[in-house]
Amino acid sequence: MTPLEFDRHHLWHPYTNVTQPGPTFLVREAEGVWLTLDDGTRLIDAMSSWWSAIHGHRHPAITAALHAQIDRLAHVMFGGLTHDPAVDLGRKLLDLAPSDMQRIFYCDSGSVAVEVALKMAVQYQHAAGRPERTEFATIRSGYHGDTWKAMSVCDPVTGMHHLFKGALSIQHFAPRPPIPFGAEWEDDPAWNGLGDLRALLETEAGRIAALILEPVVQGAGGMYFYHPEYLNAARTLCDAHGILLIFDEIATGFGRTGQLFATGHTRVQPDILCLGKAITGGTMSFAATMTSDKVAETIGAGTPGVFMHGPTFMANPLACAAAGASLGLLQQGDWRAQTAAIEAQMRAALAPARDLPGVRDVRVLGAIGVIEMDHPVSADAAHAQCRELGVFLRPFGHNIYAMPPYVTGPEDLDRICAAMLRLAETL
Ligand SMILES: *Cc1c(COP(=O)(O)O)cnc(C)c1O
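Everything numeric here is computed off the predicted structure, so don't read it as measured data. (Residues numbered from 1 in each chain as written. Predicted model: local features only at pLDDT ≥ 70, side-chain atom pairs only at ≥ 80, totals over all residues. Heavy atoms only, no water.)

Participant: Explain the pairing of strand β3 (residues 42-45) here, please?
Facilitator: Each regular strand shows side chains that alternate between the opposite faces of the sheet. In the sheet, strand β2 (residues 34-37) pairs with β3 via 3 bridges, with the strands oriented antiparallel. Residue pairing for β3: Trp34 is matched across the bridge by Ile44. The turn joining β2 and β3, which pair antiparallel and follow one another in sequence, is formed by 4 residues; a positive phi near 90° is taken by Gly40. (Pairing = 2+ DSSP bridges. Helix = DSSP H or I, 4+ residues; strand = E, 2+ residues; numbered from the N terminus.)

Have a look at this one:
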């Protein structure tokens, strides 16, 4: 069997039909924005490999950090032991993240970071004398990961809740914030979505530990951008009802929306912050859940006092070293000009898509460009065109979108935008 034949027969791919898997590319190498396939074909990775490779593939600083670390210490348990890469990364996270976020829990993946955040909220409420608060509120069209509890706060329709009925915890959903990013804010709670959120939180407050949201940009639940004013008001509502506010910035964190964190678009901070995806610059699975001194100290003062979570590979030194190098690159600050330039160029280059038949909306924020169609688009059909386009794109739902590496130059970005337009014309 060739590698591709073996893959087809034995390897499961994400959200893919085993019997009809669709086109799959064999990647031999990656550098910068480029993926090199087995036959030498080169494709631009317009997805940053699921939004993670923000500095491009094999950035020399991250590669060097990994080489240096593996020659010293690949892994050691984090119970009773610590190491420099964990401490160095912690310092950088404190430097970059919203100032209230002072305590860091390292996790294996984004979904685990969400699980940890939800458990923190429940343990906080328990320690604060409200043990009956074990449920969660969220908004529709969100995405928070694929593990059970994370899945329960994903959009019930796109998250296929009916499939897992009975196995999923019931959560509380408010409608998606109706006012888009960039539109004029409307103070009337009947129009801005806050009437619904307030009614939900008022009715269910006695059961709700936390409200979890992707701030400003909803990613895998539909690539929708909403007005940050919603978040400022959500903060006030949560405070009024003793509900913690969790921001899931696994997709939006580390510069993707043109701010270092999407909280940069708001006046408020969360109680708990989930980070992942771009944290290691796209090299390996890793994530972090950050929280305030208040939440951490309340949990510490309750019973059993300890936070009940501790993965085997917690704070893996290799992942910490890669993340430390990736955050070091962010600290140099080039991301700001890079994402601003990408935003300006995508705005101009994608605008013509508005006039194409079948296009419902075109939107750009930071280094995110979306062409939303009025019909579902097939990733397989897109992949069938990738070689010819020279660009790797993987649409989902109604959306043809790109989240290119921040280092993508103008010519490569033109090629990405042209490929998106072509897909909008043909899919
Ligand atoms: C991708 C994502 C997750 C899940 O992260 P994994 O590393 O895939 O488990 C959670 N929340 C958001 C907002 C994401 O985009």
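Participant: Which parts of the structure should I look at to understand the site of the ligand?
Facilitator: Surrounding the ligand, one finds Trp51, Ser109, Gly110, Ser111, Tyr143, His144, Gly145, Glu214, Asp248, Ile250, Ala251 and Lys277. One of the backbone N or O atoms of Gly110 is found 2.9 Å from an oxygen atom in the ligand. Between Ser111 and the ligand, the recorded distance is 2.6 Å, taken from a side-chain N or O atom to an oxygen atom. Coverage of the ligand by the protein chains reaches 83% of its 380 Å² of free accessible surface. Along the lines of polarity and charge, the residues of the shell around the ligand split into 4 nonpolar, 5 polar and 3 charged. (Near = heavy atom within 4 Å. Polar contact = N/O pair within 3.5 Å; in protein donor to acceptor, adjacent residues only side chain to side chain. Areas by Shrake-Rupley, 256 points an atom, 1.4 Å probe, with all protein chains shown as cover. Nonpolar A, V, L, I, M, F, W, Y, C, P; charged D, E, K, R; others polar.)

Participant: Hey, could you run me through the pattern of salt bridges in this one?
Facilitator: Two side chains that carry opposite charge are able to pair once their charged atoms sit near each other. As enumerated under the stated definition, the model contains 14 salt bridges in all. Here Asp361 ties to Arg363 by a salt bridge, and the two come within 2.7 Å at their closest N and O atoms. Of the residues examined, Arg363 reaches a relative accessible area of 11% and is grouped as buried. Through salt bridges that share partners, Arg360, Asp361, Arg363 and Glu372 make up one connected network. (Salt bridge = Lys/Arg side-chain N within 4 Å of Asp/Glu carboxyl O. Buried < 20%, exposed > 50% of the residue type's maximum accessible area, 1.4 Å probe, protein only.)

Participant: Please clarify how the environment of Ile62 should be interpreted in this entry.
Facilitator: When you line up the elements, Ile62 lands in helix α3 (residues 60-70). Ile62 gets classed as buried once you look at its relative accessible area, which sits at 2%. Here the alpha-carbon distance between Ile62 and Ala323, two residues 261 residues apart in the chain, equals 8.0 Å. Filtering out sequence-adjacent residues up to four positions away, Ile62 remains in contact with His55, Thr280, Gly281, Thr283, Ala322, Ala325, Ser326 and Leu329. (Contact = heavy atoms within 4.5 Å.)

Participant: What is the right way to read the layout of surface pockets from this model?
Facilitator: The gaps of empty space that remain are located by a probe, the size of a water molecule, rolled over the atoms. Its volume calculated, the second largest pocket comes out at about 600 Å³. Along the walls of the second largest pocket sit 19 residues, with His13, Pro14, His383, Phe392 and Arg394 positioned nearest its centre. Listed by contribution, the elements that provide at least two residues to the lining of the second largest pocket are β2, β3, α2 (48-51) and α13 (379-389). Here the residues of the lining of the second largest pocket are counted per class, giving 11 nonpolar, 5 polar and 3 charged. (1 Å grid on protein atoms, 1.4 Å probe; cavity = no way out; pocket = protein on both sides within 12 Å on 5 of 7 lines; lining within 4 Å. Points joined across faces, edges and corners; volume = space filled by probe spheres on them.)

Participant: Looking at this structure, how should I read the environment of His375?
Facilitator: Here His375 lies in the loop between β14 (368-373) and α13. C-alpha of His375 to C-alpha of His398: the two residues are 23 residues apart in sequence and 5.7 Å apart in space. Residues contacting His375, with those up to four places away along its chain left out, are Gly358, Gly397, His398 and Leu427. A polar contact is formed between the side chain of His375 and the side chain of Asp374, at a distance of 2.8 Å. At 2.9 Å, the side chain of His375 forms a polar contact with the backbone oxygen of Leu427.

Participant: When you look at the sheet that holds β14 in this model, what are you seeing that I'm missing?
Facilitator: Paired through backbone hydrogen bonds, the strands of a sheet run either parallel or antiparallel to each other. Strand order across the open sheet formed by 3 strands is β13-β14-β16, with antiparallel pairing between neighbours. Of all strands in the sheet, those bounded by a partner on one side alone are β13 (359-365) and β16 (399-402). Adjacent strand axes in the sheet meet at a mean angle of 10°, parallel and antiparallel pairs treated alike. Note that β14 and β16 share 4 bridges and pair antiparallel. (Axes fitted to C-alpha atoms, helices over the stretch in contact; angles between N-to-C directions.)

Participant: Any chance you could explain the packing of aromatic side chains here in plain terms?
Facilitator: The geometry of an aromatic ring pair comes down to the distance between the two centres and the angle between the two planes. One pass over the structure, following the stated rule, counts 10 aromatic pairs. Measuring from centroid to centroid gives 6.1 Å for Trp51 and Tyr401, while their planes differ by 90°, and the two rings are edge-to-face. With Trp51 in helix α2 and Tyr401 in strand β16, the pair connects residues that are 350 residues apart, well separated along the chain. In terms of burial, Trp51 and Tyr401 fall into one category: buried. (Phe/Tyr/Trp six-rings, centres within 6.5 Å; stacked < 30°, edge-to-face > 60°.)

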